[in-house]
Amino acid sequence: MSPLAPGAVIGILGGGQLGRMLALAAAELGFDVHVLTPEQDSPAARVAARSIVADYDDAAALLAFAEAVDVITTEFENVPAAAADALIAAHAIVAPNPRALALAQDRVAEKQLFASLGFETAPFAPIDSRADLHAALARIGAPTILKTRRLGYDGKGQARIAALADADEAFAALAPQPLILEGFCAFERELSIIAARGADGAFGAYDLSENEHGGGILRRTRAPARVSAEIEARARAMAQLLGEALDYVGVFAIEFFLMPDERLIANEMAPRVHNSGHWTQDACAASQFEQHIRAVAGWPLAATTRLCDAEMINLIGDEIDQWRAFAADPDARVHLYGKREARPGRKMGHVTRLIRR
Ligand code: AMP
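The notes below deal with the structure included here. Computed from a predicted structure; not experimentally measured. Starting from 1, residues in each chain are numbered consecutively following that chain's sequence as written. For a predicted model such as this one, the threshold for reporting local features is a pLDDT of at least 70, and the threshold for listing and counting side-chain atom pairs is 80 or more; totals across whole chains, interfaces and linings nevertheless cover every residue. Just so you know, side-chain values use all the structure's heavy atoms and leave hydrogens and water out.

### Let's talk about the overall build of the protein
Here is step 1 of the chain: Runs of E in the DSSP output that reach at least two residues are strands. Runs of H or I that reach at least four are helices, and both are numbered from the N terminus. A count of helices and strands for the protein gives 11 helices and 17 strands.
Here is step 2 of the chain: For the radius of gyration, the atom set is restricted to C-alpha positions; the globular benchmark scales as 2.2 Å times the number of residues to the power 0.38. The C-alpha radius of gyration computed for the protein amounts to 20 Å, which stays within 12% of the reference 21 Å derived for 357 residues, consistent with globular compactness.
Here is step 3 of the chain: Within the protein, buried positions represent 57% of all 357 residues.
Here is step 4 of the chain: What makes two residues a contact is simply this: any of their non-hydrogen atoms within 4.5 Å. Within the protein, residue pairs in contact and separated by at least 24 positions form 63% of the contacts whose partners lie at least 6 positions apart. For the exposure calls, accessible area comes from a 1.4 Å probe over protein chains only, and a residue counts as buried if that area is under 20% of its type's maximum, exposed if over 50%, partly exposed in between.

Next comes the structure, spelled out in structure tokens:
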């Protein structure tokens, strides 16, 4: 792919905060952005040159979108595979490719690919019935987590099974839909890597981040993670392998559990920019958003150099009301998503606190 010249149009499927920050980064490189999203008045649409409000199965809207843009990318992984296929049928360039999207939509396929690449995963089993669940519990042993195979995010669609007696209740809460049972990993810390692969196959990764979740939602990230160079190198090598296996173009994340014996367990991948990479906006030579736009536009990747340490704090629900205090802190950079309503559990913004040494 020859690099897109400034003035070209980047299409983004999805209108959330990730799309908004991608659109802002694209604008800095001289691109226009068109957004297609089912959501009216979305965070991304409000900073884009154009937006189409349509469902992802609206064939006419997809066709018009494909014709108006030079490349199409996604800001969330649950874009239906059929939509990506329809765009490709309309001769659009879609990056990352639909295979990467499909993989991230199915926790079983994702773990199978991880295993085939030699990544350690939690023990797992696909679950379609109560009988499957009991057989898998007998093999894996409690505690475990039952999750929906598809469309889970931010801890939604999950039930802990602390003991065998909890199994039927967990099954009833999540069925009937394809499920996965995972062995519970008593991790020491949660880590993630944000990596990028260019259209030319070049690879770059940011320093590992260390993440704290609450109620399944990311609350706080610190970068760099407090890990050895060996762990850092292992995570980086895994990301490079995954990028190559998927012939990936763009930014992606892998989330890991770091075990007390220093094993790195791959939990999941996200085929997009990631909340645990927001610190790169303020603490790196080029942000994950710029990096993604560069990759999908066929530009060379930028340096992933970290300029200072950083801590990223998500503002969730009414935590948005703390913006005044953060705005008064000279070392805090405030990023707000322009969402009209602060519902509980909704990501409203984030703050990056730069840590000067
Ligand atoms: P996920 O939707 O898979 O990212 O899960 C959300 C969060 O739940 C993770 O970031 C972990 O904190 C926790 N979690 C998920 N799966 C496991 C597991 N197999 N063992 C321990 N904790 C888990």
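### Considering the packing of aromatic side chains
Here is step 1 of the chain: Any two rings among Phe, Tyr and Trp, with Trp reduced to its six-membered ring, count as a pair given centres within 6.5 Å; such a pair is stacked if its planes are under 30 degrees apart, edge-to-face if over 60, and tilted if neither. For the structure shown, the criterion picks out six aromatic pairs.
Here is step 2 of the chain: Look at Tyr206 and Trp279: their rings are 6.4 Å apart centre to centre, the planes differ by 75 degrees, and that puts the pair in the edge-to-face class. One end of the pair, Tyr206, is in the loop between strand S10 (203–205) and strand S11 (209–214); the other, Trp279, is in the loop between strand S14 (264–270) and helix H9 (280–283), with 73 residues separating them in the sequence. Like Trp279, Tyr206 is buried.

### Focus: the nonpolar core
Here is step 1 of the chain: Remark: nonpolar core denotes a set of buried residues (Ala, Val, Leu, Ile, Met, Phe, Trp, Tyr, Cys) joined through side-chain atoms within 4.5 Å. If you look at the biggest cluster of nonpolar residues, it comprises 43 residues, and the most contacted ones within it are Ile10, Phe31, Val33, Trp279, Phe289 and Ile293.
Here is step 2 of the chain: Where this core is concerned, the elements lending two or more residues are strand S1 (9–13), helix H1 (17–28), strand S2 (32–37), strand S9 (189–197), strand S12 (217–223), strand S13 (250–258), helix H10 (288–296) and strand S15 (309–316).
Here is step 3 of the chain: If one sorts the elements of this core by residue count, H1 sits on top with six residues.
Here is step 4 of the chain: In this view, Val33 contacts Ile10, Ile12, Ala23, Ala26, Ala48, Ala49 and Arg50; residues no more than four positions away in its chain are not counted.
Here is step 5 of the chain: Judged by nonpolar contacts, the second largest core, of 27 residues, contains Leu103, Ala235, Phe252 and Ala266.

### Some details on the site of the ligand
Here is step 1 of the chain: It suffices for a single heavy atom of a residue to lie within 4 Å of a molecule or strand for the residue to be listed as near it. In the vicinity of the ligand, 14 residues are found, and the nearest of them are Lys147, Gln158, Cys185, Glu190 and Glu268.
Here is step 2 of the chain: Within 3.5 Å is the distance limit for a polar contact, defined as a pair of N or O atoms, with the added protein rule that one can donate a hydrogen and the other accept it, and that residues adjacent in sequence qualify only through two side-chain atoms. Gly183 is positioned such that a nitrogen or oxygen atom in its backbone is 3.0 Å from a nitrogen atom of the ligand.
Here is step 3 of the chain: Working definition of accessibility: Shrake-Rupley area with a 1.4 Å probe, residue cover restricted to the visible protein chains. Surface burial for the ligand is 91%, taken as the share of its 470 Å² of free accessible area covered by protein chains.
Here is step 4 of the chain: For the shell around the ligand, the secondary structure elements donating two or more residues are strand S6 (144–148), strand S8 (179–183) and S14.
Here is step 5 of the chain: Each residue gets one of three labels, nonpolar for Ala, Val, Leu, Ile, Met, Phe, Trp, Tyr, Cys and Pro, charged for Asp, Glu, Lys and Arg, and polar for the others, Gly among them. The residue inventory of the shell around the ligand, partitioned by class, reads five nonpolar, four polar and five charged.

### Concerning helix H3 (residues 81–89)
Here is step 1 of the chain: Listed as buried for H3 are Ala83, Ala84 and Leu87. For H3, the angular spread of the buried residues around the axis is 100 degrees, confining them to a single face. Along H3, the residues that are exposed and aim more than 90 degrees away from the buried face are Ala82 and Ala89.
Here is step 2 of the chain: Buried-residue contacts for H3 involve S1, helix H2 (59–68), strand S4 (71–74) and helix H4 (98–104).
Here is step 3 of the chain: Residue His91 follows H3 closely and has a positive phi angle near 70 degrees. Note that the arc is computed from the directions linking the helix axis to the C-beta atoms.

### What to know about the sheet that holds strand S7 (residues 158–161)
Here is step 1 of the chain: Pairing in this open sheet of four strands is antiparallel, and the strands run S5-S8-S6-S7 from one edge to the other. Of all strands in the sheet, those bounded by a partner on one side alone are strand S5 (124–127) and S7. The average undirected angle you get between the axes of adjacent strands in this sheet is 20 degrees.
Here is step 2 of the chain: Along the sheet face, helix H5 (residues 107–116) touches S5, S6, S7 and S8 and points at about 45 degrees away from the line of S8. When DSSP finds two or more bridges between a pair of strands, those strands are recorded as paired. Axis definition: a line fitted to C-alpha atoms, over the contacting stretch in the case of helices. Angles run 0 to 180 degrees between N-to-C directions.

### With respect to the sheet that holds S1
Here is step 1 of the chain: The four strands are arranged S3-S2-S1-S4 in an open sheet whose pairing can be described as parallel. The open sheet has two edge strands with one neighbour each: strand S3 (50–53) and S4. Within the sheet, the average angular offset between the axes of one strand and its neighbour, ignoring direction, is 20 degrees.
Here is step 2 of the chain: Here S1 pairs with S4 via four bridges, running parallel. Paired with Leu13 across the two strands is Thr74, which belongs to S4.

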